[in-house]
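# Secondary and tertiary structure notes
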Amino acid sequence: PNKKGCTYTALCEVESELNKAGIETEIFHVGNKPIRGCTACGQCREIKGRCVYDGDSVNRLLEKAETADGFIFGSPVHYAAASGAITSLLDRCFFAGGKAFAYKPGASVVCCRRGGATAAFEQLIKYFTISNMPVVSSQYWNMVHGNTPEEVKQDLEGMQIMRTLGKNMAWL
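Figured I'd write up the structure that's included with this text.

The rules behind the values
- Residues numbered from 1 in each chain as written.
- Predicted model: local features only at pLDDT ≥ 70, side-chain atom pairs only at ≥ 80, totals over all residues.
- Heavy atoms only, no water.
- Core = buried A, V, L, I, M, F, W, Y, C linked by side-chain atoms within 4.5 Å.
- Buried < 20%, exposed > 50% of the residue type's maximum accessible area, 1.4 Å probe, protein only.
- Helix = DSSP H or I, 4+ residues; strand = E, 2+ residues; numbered from the N terminus.
- Contact = heavy atoms within 4.5 Å.
- Pairing = 2+ DSSP bridges.
- Axes fitted to C-alpha atoms, helices over the stretch in contact; angles between N-to-C directions.
- Parallel < 35°, antiparallel > 145°, perpendicular 65-115°, else oblique.
- Left-handed = near helix turned anticlockwise from the far one by under 90°.

### Structural notes on the nonpolar core
Counting residues in hydrophobic clusters, the biggest one holds 31 residues, and the most contacted among them are Phe73, Leu90, Cys93, Phe94, Phe101 and Val110. Elements represented by at least two residues in this core include exactly helix H3 (58-67), strand E1 (71-78), helix H4 (84-97), strand E3 (106-112) and helix H5 (117-129). Apart from the residues lying within four places of it in its own chain, the contact partners of Phe101 are Leu62, Ala65, Phe71, Phe73, Cys93, Phe94 and Met133. Core analysis: the second largest hydrophobic core is formed by 16 residues, Leu11, Val136, Val144 and Met159 among them.

Laid out in structure tokens, this is it:
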């Protein structure tokens, strides 16, 4: 929800490695506006790869997904889970436009103050494993710890994990 918060700080570290490898990147900020959950209305089947609810960032992300070569989804940890916003976003994106993600590498990055990171990390990876996406790893789970961007930068191991993730994503 914070445009330049902890998750952004981790993603920037990954992005730096991707850019060094000559890979163009874009950080897509979900924002702090409400994102409605999927209602399983099935209307996305009628409009081919788009969600019928068009008042938030879901369809914008689906448009970008069509031409993107890979994805890294980042989320803060809220109550030992990925944020409600990214969960709603990804539920609808993968339900409506899962074909745009298939066979493209995916990774997740989570950021927390102290606990719940592994549960959130696992939650995000499941989108990839049910969508024919190769999962990109690092030398440890893709997580950083800190309550502020400055604290995240002090997580030296976490930042190293982000750099390795960027190198591994570039390699794939």
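Anyway, onward from the coordinates.
### Considering the pairing of E1
For E1 and E3, the ladder comprises 6 bridges, and the chain directions are parallel. Bridging across to E3, Pro76 finds its partner in Cys111. By the bridge criterion, 2 bridges tie E1 to strand E2 (residues 81-82) in an arrangement that is antiparallel. Within E2, the residue paired with His78 across the bridge is Ala81. Counting the residues that bridge the hairpin from E1 to E2 gives 2 residues, and of these Tyr79 lies at a positive phi of roughly 55 degrees.

### A word on the packing of H3 against H4
Relative to each other, H3 and H4 sit at 55 degrees, their axes nearing to 10 Å. Considered as vectors, H3 and H4 are oriented oblique to each other. The handedness of the crossing between H3 and H4 comes out as right-handed. Contacts between H3 and H4 involve Val58, Leu61 and Leu62 from the first element and Leu89, Arg92, Cys93, Ala96 and Gly97 from the second.

Functional significance is not addressed by these values, which are geometric in nature.
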